[in-house]
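# Summary of the model geometry
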Amino acid sequence: MTKKLYPLFSFLVICVIWQALVSGLKVPPYFLPGPLAVGHALIADGGVLWHHALTTFYESAVGLVIASIVALITGLILDAWRWLYNFIYPLLVISQTLPVMVLGPLLILWFGFDLTPKVILVVLMSFFPIVVALVAALQDVPEEQIQFLQTMGASRLEVYRTLKLPLGMVGFFSGLKVAATYCVGGAVVGEWLNAESGLGYYMIRAKNGFEIDKVFAAIVWVVVLSLLFNVLAGWLARGYHRTLTHSK
């Protein structure tokens, strides 16, 4: 068995054990449905789930793109001016101690009930890992290489363009892969608080109707979307690595 098949094999083993325990112990379906019940819900509500998944995907994608742009600009500014880094970076770390859920009601009061609060929640959950990885990569650029470019007459902007930014983007994409697994969760949290569509909205409706199999079906979609964003981020990272390698 190849290593690529290990996750699929592990998933199948877990599903078999899960179904056996649920059937053997006669667990009520309103408490914990088995994989077969969840699969049936995925098929029976497939069209509805697809519609809600598209909404969540859109919110996540918009928020992740905005977070990436803001993190890139912020990371470059923090690296360029170290005094600003010493002032702002601790505040960024402290901000992560505040649960995003508590900001939801405030965002709804400030920005209304449309797409904006959900996108902001995605940005807040995705921004930090990207900017941290980017700043770390920028600061790890060897000082000897920087000094060499400076002795050749390179300006500060040219140092960033030819050396620091290309190497720093390696950290940027590493952070992006982490943020890609968070962005869907941010969108779902926003939909829990207020929404008219989306997987979070679907989960709340299913939970209120004690349709736990549908809740699990929505969770499956959340996992699928998170994996999709992670794969896309990994594909972008590999493409950049190849471009960086060929340019040397």
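First, a word on scope: everything that follows refers to the structure included in this document. (Residues numbered from 1 in each chain as written. Predicted model: local features only at pLDDT ≥ 70, side-chain atom pairs only at ≥ 80, totals over all residues. Heavy atoms only, no water.)

What follows covers the pattern of salt bridges. Under the defined criterion, the tally for this structure stands at four salt bridges. Salt-bridge contacts for Asp79 lead to Lys164; the nearest nitrogen and oxygen are separated by 2.7 Å. With Asp79 in helix H3 (residues 46-80) and Lys164 in helix H8 (residues 156-193), the pair connects residues that are 85 residues apart, well separated along the chain. The pair formed by Asp79 and Lys164 is uniform in burial state, with each residue classed as buried. Among the charged side chains, a network of salt bridges with common partners joins Asp45, Glu211 and Lys214. (Salt bridge = Lys/Arg side-chain N within 4 Å of Asp/Glu carboxyl O. Helix = DSSP H or I, 4+ residues; strand = E, 2+ residues; numbered from the N terminus. Buried < 20%, exposed > 50% of the residue type's maximum accessible area, 1.4 Å probe, protein only.)

A few words on the layout of surface pockets. The computed volume of the largest pocket comes to approximately 430 Å³. As for the largest pocket, its lining consists of 16 residues, and the residues nearest its centre are Phe11, Cys15, Trp18, Val220 and Val223. At the level of secondary structure, the elements contributing two or more residues to the lining of the largest pocket comprise helix H1 (6-24), helix H2 (35-44) and helix H10 (212-247). (1 Å grid on protein atoms, 1.4 Å probe; cavity = no way out; pocket = protein on both sides within 12 Å on 5 of 7 lines; lining within 4 Å. Points joined across faces, edges and corners; volume = space filled by probe spheres on them.)

The periodicity of an α-helix, 3.6 residues per turn, causes residues three or four places apart in sequence to face the same way. Its twelve residues place the ends of helix H5 (residues 100-111) 16 Å apart at the C-alpha level, agreeing with the 16 Å of an ideal helix rising 1.5 Å per residue. Looking only at H5, the buried set comprises Val100, Gly104, Leu107 and Ile108. The arc that holds the buried residues of H5, viewed along the axis, is 100°, so those residues lie on one side. Exposed side of H5, more than 90 degrees from the buried face: Leu109 and Trp110 are the residues found there. Residues of H5 that are buried in the fold lie against helix H6 (115-139) and H8. Residue Gly112 follows H5 closely and has a positive phi angle near 90°. (Expected span 1.5 Å × (residues − 1). Arc of directions from axis to C-beta. Contact = heavy atoms within 4.5 Å.)

Quick look at empty space enclosed by the protein now. Summed over all chains, the structure comprises one cavity of 30 Å³ or more. Taken together, the elements giving at least two residues each to the lining of the largest cavity come down to H5, H6 and H8. Taken together, the residues that form the lining of the largest cavity break down as six nonpolar, four polar and two charged. (Nonpolar A, V, L, I, M, F, W, Y, C, P; charged D, E, K, R; others polar.)

When you line up the elements, Gly47 lands in helix H3. The spatial distance from the C-alpha of Gly47 to the C-alpha of Val122 is 25 Å, given a sequence separation of 75 residues.

The subject of this paragraph is a nonpolar patch on the surface. Together, Val65, Ile69, Ile73, Ile77, Trp81 and Trp83 make up an exposed nonpolar region whose accessible area comes to about 630 Å². In terms of residues, the nonpolar patch owes the most to one element, H3, which gives four residues. If you trace the backbone, Trp81 turns up in the loop between H3 and helix H4 (82-95). (Patch = residues over 30% accessible without salt bridge, like charges linked within 9 Å, V, L, I, M, F, W, Y side chains within 5 Å. Areas by Shrake-Rupley, 256 points an atom, 1.4 Å probe, with all protein chains shown as cover.)

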